[in-house]
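Listed below, chain by chain, are the residues.
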Amino acid sequence: MERKLSSETICVQAGWKPKKGEPRVLPIYQSTTFKYDTSEEMGKLFDLEESGYFYTRLQNPTNDAVASKIAELEGGVGAMLTSSGQAASFYAIFNICSAGDHFVSASAIYGGTFNLFAVTLKKLGIEVSFVDQDATNEEIAAAFRPNTKALFAETIANPGLSVLDIEKFASIAHSQGVPLIVDNTFPTPINCRPFEWGADIVIHSTTKYMDGHASSVGGAIVDSGNFDWNAYKDKFPGLTEPDPSYHGLTYTESFGKMAYITKATVQLMRDLGSIQSPQNSFLINIGLETLHLRMARHCENAQKVAEHLQKDERVAWIHYCGLKGDKYYETAEKYLPNGSCGVITFGLKGGRDNSIRFMDNLELAAIVTHVADARTSVLHPASHTHRQLSDEQLIAAGVAPDLIRFSVGIENVNDIIADIDQALAKAY
Ligand SMILES: *Cc1c(COP(=O)(O)O)cnc(C)c1O
C-alpha cells in the first residue's frame, strides 16, 4: 500500500471513515451477526463470491477499521486482528506451515513465542530451528531444509533487546524462497516499518505500545502483499492450490496480493476463532490515536534513564541500543533512526539479590508482568517469567540472573530517575 499520509495522521485519522450522518468516533459493533434480505445474498458471502459481514468470528466492522489502520501504518495491503500476540504468531506460521514442515527462527525472541515454536508447534508436527541472528549469512542459511517455509525474528527482541538486521534476514529468506516474518511489537510502525527493508509479513502484540495503557490483550498480522507465492507454488500449496473448504477456490488466483491475509481470515480464523473482541478493538484504536506521541516520549525518557544508569557505579551492565557503544547502536542507527522503544535491561553489581532489593524499593515503577505501558514498570525475569530455570539455564536462554527489565513510561523523566536513585540507595 502506498502510504500517502504520514504516520501521525494515520494514527489519528485512518481506519474508520464515517459517511454522512454516521458517528465521528469508531462505533463498537457489538453484534455477532449481520442481517441480509435474501438467502441468496447470504450464500454468496459464504462462497466468498461477495464481500460483506455475516459473522463476527470471520469479520467485524470495528475490528476491520482497526486492522486497516495498522495495515496503513505498516504500509501493508491488509491486516487481521487476533485475540493476542501469541495468536498472531501462531496464525502467521500456521497459515503457511503444516505437519511435516519446518521453519527457521532467531533464538532471541519473546519467551512465549519460544515455547509456542519449540514445544506446541512441534506437537502439531511443525519443526523449528533456532539461529543466532548475528551469525553469518552462510551459518543461518545452513539451517534451511527443503521443507523450510519461513524465517522469523523480532525487530527488537524482548527481553534480549538485540536489533535485527532486517535487510540481511530478508535477503537470506528470499534466497531460500521463503517469506520473512517479523514481530515488530517493540518499535511499532512509528519507529520501524520492516516492509521497507524487505520483510513480507509483520506481526504485533497490540497489548504493548499500540494499546499502550495495559487495558487489552491483542495481536495483529499485517501482509505486505509482496511475497510471490506462485513463484514457489509447490512450497505453499495452501495458498496456490484449491481449498476444498471453499468449493476449490485458490487464494492466489482469487485474491492476488491479498492471498495470505485472506486465507488467514477466512480459513484459520473461521476454523480456530481467536478473534479480537470489538470492545477491545475500540480500546486499541484509542491507543493508536496517540501512539506517535507516546513512542517519542517513551524513547526520550528511556534514553535519559539509560544514560543516567550508565553513569552509576552500582550498575554492572546495561543494554539499550540508543547508547553509544551498545552492541546494536549502529544497527539501530540504520533501522531505528528516530528511536527504538522504552525498554532497557541492566544488571546491578552484587548480582541477583541486589537486583531484587532494588526492585522491591521502587515506588513509582511497579512490578508487573507487562512491558510497553504508559506507566513505568519493571520485571526480574529470573524471579518471574523464567523462575523455573537454574542460573546456568538462564544464561543459556540469554537471560542473565541479575537482568532487570525496566520499561520506561511517559511520566516526567525526573520523577522516574529520582525513584531509581532512592531505590538504588536502599539496595546497597
Ligand atoms: C508480549 C509479546 C508477545 C505476545 O503477545 P501477547 O499479546 O501477550 O499474547 C509477542 N511478541 C512480543 C515481542 C511480545 O512482547
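Residues numbered from 1 in each chain as written. Predicted model: local features only at pLDDT ≥ 70, side-chain atom pairs only at ≥ 80, totals over all residues. Heavy atoms only, no water.

## A closer look at the environment of Gly-85
Spelled out, the test is: A run of DSSP states H or I qualifies as a helix once it reaches four residues; a run of E qualifies as a strand once it reaches two. Both are numbered from the N-terminal end. A simple rule labels every residue: compare its accessible area, found with a 1.4 Å probe on the protein chains alone, to the largest value its type can have, and call it buried under 20%, exposed over 50%, or partly exposed in between. Note on definitions: a residue-residue contact is assigned when non-hydrogen atoms from the two residues lie within 4.5 Å.
In this fold, Gly-85 is placed in helix α4 (residues 85-94). Owing to a relative accessible area of 11%, Gly-85 belongs among the buried residues under this scheme. Residues Gly-85 and Gln-388, spaced 303 residues apart in sequence, show a C-alpha to C-alpha distance of 23 Å. Among residues more than four places away in sequence, those in contact with Gly-85 are His-204, Ser-205, Gly-218 and Gly-219.

## Section: the sheet that holds strand β6 (residues 201-205)
Quick note on the threshold: Strands were regarded as paired on the criterion that DSSP finds at least two bridges between them. Interaxial angle, 0 to 180 degrees, is taken between N-to-C directions of lines fitted to C-alpha atoms, where a helix line uses only the stretch in contact.
The seven strands are arranged β1-β7-β6-β5-β4-β2-β3 in an open sheet whose pairing can be described as mixed. Strands at the two margins of the open sheet, each flanked by one partner only, are β1 (78-82) and β3 (127-131). Across the sheet, the axes of successive neighbouring strands diverge by a mean angle of 20°, strand direction being ignored. Taken together, the five bridges between strand β2 (residues 102-106) and β3 define a ladder with parallel strand orientation. Each residue of the ladder has a partner; that of Phe-103, found in β3, is Val-128. Each of β1, β6 and β7 (219-223) is contacted by helix α11 (residues 259-272), which is oriented at about 30° to β1, the strand it contacts most.

## Structural notes on the environment of Tyr-91
Within the secondary structure layout, Tyr-91 lies in helix α4. The exposure class assigned to Tyr-91 is buried, which follows from its relative accessible area of 1%. Tyr-91 sits 79 residues away from Ala-170 along the chain, and the two C-alpha atoms are 20 Å apart. Apart from residues no more than four positions distant in its own chain, Tyr-91 is found in contact with Met-80, Ile-221, Tyr-260, Ala-264, Leu-268, Met-269, Leu-272, Gly-273 and Ser-274.

## A short note on the domain arrangement of the chain
Going by this rule: All the domain ranges listed were derived from an automatic or database domain assignment. What counts as a salt bridge is simple: a side-chain nitrogen of Lys or Arg found within 4 Å of a carboxyl oxygen of Asp or Glu. Under the rule applied, a polar contact is a pair of N or O atoms within 3.5 Å (in protein, one hydrogen donor and one hydrogen acceptor; residues adjacent in sequence only if both atoms are side-chain atoms). For this scheme, ten residues count as nonpolar: Ala, Val, Leu, Ile, Met, Phe, Trp, Tyr, Cys and Pro. Four count as charged, namely Asp, Glu, Lys and Arg, and the remainder, Gly too, count as polar.
Parsing the chain into structural domains produces domain 1 (7-287) and domain 2 (292-427). When each unit is reduced to the centre of its C-alpha atoms, the spacing between domain 1 and domain 2 is 29 Å. Residue-level contacts link 32 residues of domain 1 with 30 residues of domain 2. The interface formed by domain 1 and domain 2 includes two salt bridges. Lys-334 serves as the salt-bridge partner of Glu-167, at 2.6 Å between the closest nitrogen and oxygen. Run the count over domain 1 and domain 2 and you get 15 residue pairs in polar contact (both at pLDDT 80 or more). Mapped by element, the contributors of at least two residues to the side of domain 1 that touches domain 2 are α1 (7-13), α7 (166-175) and α8 (188-191). Its residues assigned to classes, the side of domain 1 that touches domain 2 shows 16 nonpolar, nine polar and seven charged.

## Points about helix α5 (residues 111-123)
Applicable threshold: What a helix should span is 1.5 Å times the count of its residues minus one. At every residue, the bend is computed as the angle between two fitted axes, covering the seven residues ending there and the seven beginning there respectively.
The end-to-end C-alpha distance of α5 is 18 Å, a good match for the 18 Å that 13 residues give at a rise of 1.5 Å each. Remark: the principal bend of α5, roughly 35°, maps to Phe-117. Within α5, burial applies to Thr-113, Leu-116, Phe-117 and Leu-121. Packed against the buried residues of α5 are α4, β2, β3 and β4 (148-154). Count one or two residues on from α5 and you reach Gly-125, which has phi positive near 85°.

## As for the packing of aromatic side chains
Put simply, the rule reads: In this analysis, rings of Phe, Tyr and Trp, with Trp reduced to its six-membered ring, are considered paired at centre separations within 6.5 Å, and the interplanar angle assigns stacked below 30 degrees, edge-to-face beyond 60, and tilted for intermediate values.
Per the counting criterion, the structure on display carries 16 aromatic pairs. Between Phe-90 and Tyr-91 the ring centres are 5.8 Å apart and the planes differ by 75°, which places this aromatic pair in the edge-to-face class. Centre to centre, the rings of Phe-227 and Phe-236 are 5.8 Å apart; their planes meet at 85°, and the pair counts as edge-to-face. Both residues of the pair, Phe-227 and Phe-236, count as buried. Connected via pairs of aromatic rings, a cluster forms that spans Phe-227, Trp-229, Tyr-232, Phe-236 and Tyr-260.

## A few points about the site of the ligand
Formally: For this description, a residue counts as near a given molecule or strand if any of its non-hydrogen atoms is within 4 Å of it. The accessible surface values rely on the Shrake-Rupley method and a 1.4 Å probe; as for residues, cover is taken only from the protein chains in view.
In the vicinity of the ligand lie 15 residues, with Gly-85, Asp-183, Ser-205, Thr-207 and Lys-208 positioned nearest. At 2.9 Å from an oxygen atom of the ligand is found a main-chain nitrogen or oxygen belonging to Gly-85. In the environment of the ligand, a nitrogen atom lies 2.7 Å from a nitrogen or oxygen atom belonging to the side chain of Asp-183. Computed on the free molecule, the ligand has an accessible area of 380 Å², of which 93% lies beneath the protein chains in the complex. Here the residues of the shell around the ligand are counted per class, giving three nonpolar, nine polar and three charged.

## Here's the deal with the sheet that holds strand β9 (residues 343-348)
Taking strand neighbours across the sheet as the criterion, the five strands line up as β8-β9-β12-β11-β10 in an open arrangement whose pairing is mixed. Two strands close off the open sheet at either side, each with one partner strand: β8 (315-319) and β10 (366-367). With two bridges joining them, β10 and strand β11 (residues 377-379) adopt parallel strand pairing. Within β11, the residue paired with Ile-367 across the bridge is Val-378. Contacting β8, β9 and β12 (404-407), helix α13 (residues 291-311) crosses the sheet at an angle of about 15° to β9.

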